[in-house]
Structures are given as C-alpha cells and as structure tokens.
Amino acid sequence: MKKKLVLILTLLISFQMAMGQSAAPTSKIIDANKLLNDLKILSADDMQGRQFGSPSIVKAREFVETRFKQSGLQTLGNSYLQTFEITARNGNKVSGANVVGFIKGKKNADKYIIITAHYDHVGVRNGEVFNGADDNASGTSALFAMAEYFNKNQPNNSLIFVAFDGEESGLQGAKKFVENLPVKKESILLNINMDMISHNDKNELYASGIYHYPNLKPYLDTLAASKDTKIKLLIGHDQPNPPQDDWTNQSDHFAFHQAKIPFIYFGVEDHKDYHRATDEFQNINQVFYVHAVETILEATKLFDKNL
C-alpha cells in the first residue's frame with residue numbers, strides 16, 4: 001500500500017512539474033507568493049473580465065491603485081489615476097483610467113524608463129467570464145512586484161509604472177497617456193511593456209523590438225546568455241515580414257513606438273487559452289511566470305544601469 005501511495009505521489013509531482021504548476025515557486029528577488037496571489041485576484045470571476053468601460057473594471061482599477069500604494073509607488077501629481085474619455089463607434093462616451101505611479105531615480109532623476117502593462121480584458125461573453133489571467137493579469141501583477149523591488153533598491157533613472165486601461169479596445173489608454181505625457185518626451189529612455197508573460201509550455205519568453213532599436217540588443221543578449229536566467233529569452237516577433245508574426249503594433253508599446261520612443265515588449269506566443277474563457281489562473285505556468293518576471297526585472301536593471 002505504501003509503495004502504491006509513493007508511486008501516486010511521484011506521478012502527481014511529475015505531472016505538476018511538467019505543466020509548470022509546482023506547488024510553491026520561489027524567488028530570491030521578488031515575492032513569488034504575492035505575485036501569484038495578485039494574478040489570482042485580478043483574474044477571479046468577481047472581476048467579471050475587466051472590460052473597458054464596464055462597471056466591473058472599477059473594482060480591478062481600485063485593486064491596482066491599492067497595490068501601487070502598497071508597493072511604494074508615489075503619485076505623479078495629486079492622484080494615481082489618469083482619467084480619459086473616448087467616443088465609441090455608436091457615439092456614446094466611454095470613460096477609462098490609467099493607473100500611474102513613480103519612483104525617483106538616485107542619479108538621473110530627470111530621465112525615465114516607463115514600465116507598462118494593461119489591466120483590462122474582454123469581459124463576459126455568452127454568460128462566460130473571460131478572466132484574462134495571462135492576458136493581462138500577468139503583466140499587471142508583475143508591475144507590483146517590480147515596483148516593490150525598485151522601491152527597496154532605488155534605480156539610477158526614475159521609473160514610471162503604468163497600468164493601462166482600454167488596451168483590448170484599441171490601445172486607448174496607451175494612446176491617451178502618450179498624448180498627455182507627464183514628463184518631457186525627450187527625457188524618456190525606454191518603454192518596457194509586458195503583455196502575456198505567464199503561459200508558455202516551452203519555457204520561452206520573447207523580447208520584441210530589437211529590429212527597430214538594435215542598440216538595445218547587447219543587453220538582452222547578455223541576459224539570455226547568463227547562467228542565472230532560468231527561461232529561454234528569445235529575440236524576435238518585430239520584423240515586418242514572415243516567418244514570425246510582427247508584434248510591433250499588437251500591444252501598448254505601439255503608442256510609444258509611434259511617438260519615436262524606444263520600446264521592448266516582453267510576451268509569449270499565442271496559446272490555446274488566448275482570448276478564451278479558459279485563460280484562468282489554474283492554466284498559467286506558475287514556475288515559468290515567476291522566472292519570466294525575474295528575467296524582465298533583470299533586463300530592467302541592465303537598461304537602468306547602461307542607458
């Protein structure tokens with residue numbers, strides 16, 4: 001009986017590891033448990049899919065604002081919120097709000113790296129909640145973890161963290177932010193955007209943007225070659241021709257690119273749960289996610305040190 005129980009437990013552990021779902025991912029530089037819990041909260045059914053312009057997104061926005069405060073981010077102005085309004089195709093006015101926080105740099109306080117992710121998703125369809133765990137509760141939760149790290153380890157340059165609203169409705173929040181930048185455009189060194197960073201069965205994370213900004217490639221090459229990088233950091237998905245899809249205009253970084261602000265976009269390739277009701281917390285790859293956030297944090301540190 002004991003041998004059977006050991007065999008069953010061994011098979012269960014092996015299955016969990018194969019699916020990227022080991023019980024307790026750990027990290028030496030971020031709080032892995034808090035990271036995963038934030039993602040779980042943002043992608044829960046009671047967030048009702050976080051659709052832009054819907055009453056339900058207010059709850060998600062309030063959670064993001066609270067976590068910005070708890071992570072040590074300061075406001076740029078009197079509030080964390082940058083509100084905006086757009087006119088929908090039917091002529092109705094739709095209101096949204098980006099959540100914006102700030103950490104002052106210790107050497108170059110007047111230079112900025114802007115770290116972004118969108119917190120909206122696509123809501124409820126045919127009675128099913130589209131929870132958007134990977135897209136993009138994963139990127140939003142990473143903002144909190146990175147903010148907490150840099151609050152304790154002051155960066156050289158100032159960092160602006162932005163959780164965008166309205167990405168799924170045409171990058172609306174990013175467009176409004178870039179149109180109304182809180183700092184001079186010339187003072188912005190880089191946009192680091194995160195969108196879908198928690199679900200990949202091949203342990204692969206892409207950094208997109210080097211085709212447009214090749215001066216950033218050496219830093220990512222260094223990180224990809226490091227023995228401490230626990231995932232496969234790949235470069236691509238940014239050229240206008242096949243064989244890879246071009247992601248240049250596929251997320252919020254495009255608004256920065258259009259304004260001639262350099263970007264690096266971190267994300268995974270589409271998976272079976274992309275824009276489906278099955279994009280839920282239990283289907284992400286937890287170990288991969290923690291390692292992806294660690295990798296993006298290390299990339300940010302390299303850019304902050306060298307740009």
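Here is a short report on the structure shown in this document. Position labels on residues start from 1 in each chain and follow its written sequence. Residue-level local features of this predicted model are given only where pLDDT is at least 70; pairs of side-chain atoms are given and counted only at 80 or more, and the full residue set underlies all totals for whole chains, interfaces and linings. Side-chain figures throughout are based on the complete set of non-hydrogen atoms in the structure, without hydrogens or water.

## Things to note about the packing of aromatic side chains
Here's step 1: Geometry of aromatic contacts follows a simple scheme: Phe, Tyr and Trp rings, the Trp one being its six-membered ring, pair when their centres are within 6.5 Å, and the pair is stacked under 30 degrees between planes, edge-to-face over 60, tilted otherwise. Inspection of the entire model under this criterion finds 13 aromatic pairs.
Here's step 2: Considering the side-chain rings of F68 and Y80, the 6.5 Å spacing of their centres and the 80° angle between planes classify their relative orientation as edge-to-face. Here Y80 lies in the loop between α3 (57-70) and β1 (81-87) and F68 lies in helix α3, a separation of twelve residues in the sequence.
Here's step 3: Residue classification places F68 among the buried positions, given a relative accessible area of 0%.
Here's step 4: Accessible area is worked out with a 1.4 Å probe on protein chains only. A residue is then buried under 20% of its type maximum, exposed over 50%, and partly exposed in between. Its relative accessible area of 9% is what places Y80 among the buried residues.
Here's step 5: Taken together, a centroid distance of 5.7 Å and an interplanar angle of 80° make the contact between Y213 and F263 edge-to-face. Separated by 50 residues along the polypeptide, Y213 in the loop between β8 (204-208) and α6 (217-225) and F263 in strand β10 (residues 263-267) bring together distant segments of the chain.
Here's step 6: Overall, Y213 belongs to the buried group, its relative accessible area being 13%.
Here's step 7: What links up through ring pairs into an aromatic cluster is the set F63, F68, Y80 and F144.
Here's step 8: Charge-over-ring contacts are defined here by two conditions on Lys NZ or Arg CZ: a distance within 6 Å of the ring centre and an angle within 35 degrees of the ring normal. A cation sits over an aromatic face here: R125 above F130, 5.4 Å from the ring centre. Comment: elements are numbered from the N terminus, with helices defined as DSSP H or I runs of at least four residues and strands as E runs of at least two.

## A few points about the environment of K202
Here's step 1: With respect to the helices and strands, the residue K202 is situated in the loop between β7 (188-194) and β8.
Here's step 2: Using a relative accessible area of 48% as the deciding quantity, one classes K202 as partly exposed.
Here's step 3: In sequence terms K202 and I231 are 29 residues apart; their C-alpha atoms lie 9.0 Å from each other.

## Side note on α3
Here's step 1: For a helix, the expected span equals 1.5 Å multiplied by the number of residues minus one. Its 14 residues place the ends of α3 20 Å apart at the C-alpha level, agreeing with the 20 Å of an ideal helix rising 1.5 Å per residue.
Here's step 2: Along α3, the residues that are buried comprise I57, A60, R61, F63, V64, E65, R67 and F68.
Here's step 3: Contacts are assigned to residue pairs with any non-hydrogen atoms lying within 4.5 Å of each other. Residues of α3 that are buried sit in contact with α2 (32-42), β1, β2 (93-103), α4 (133-152) and β6 (157-164).
Here's step 4: At the C-terminal side of α3, G72 shows a positive phi close to 95°.

## Section: helix α8 (residues 286-306)
Here's step 1: Spanning 21 residues, α8 covers 31 Å between terminal C-alpha atoms, matching the ideal 30 Å at 1.5 Å per step.
Here's step 2: In terms of burial, α8 is largely enclosed, as 15 of its 21 residues are buried.

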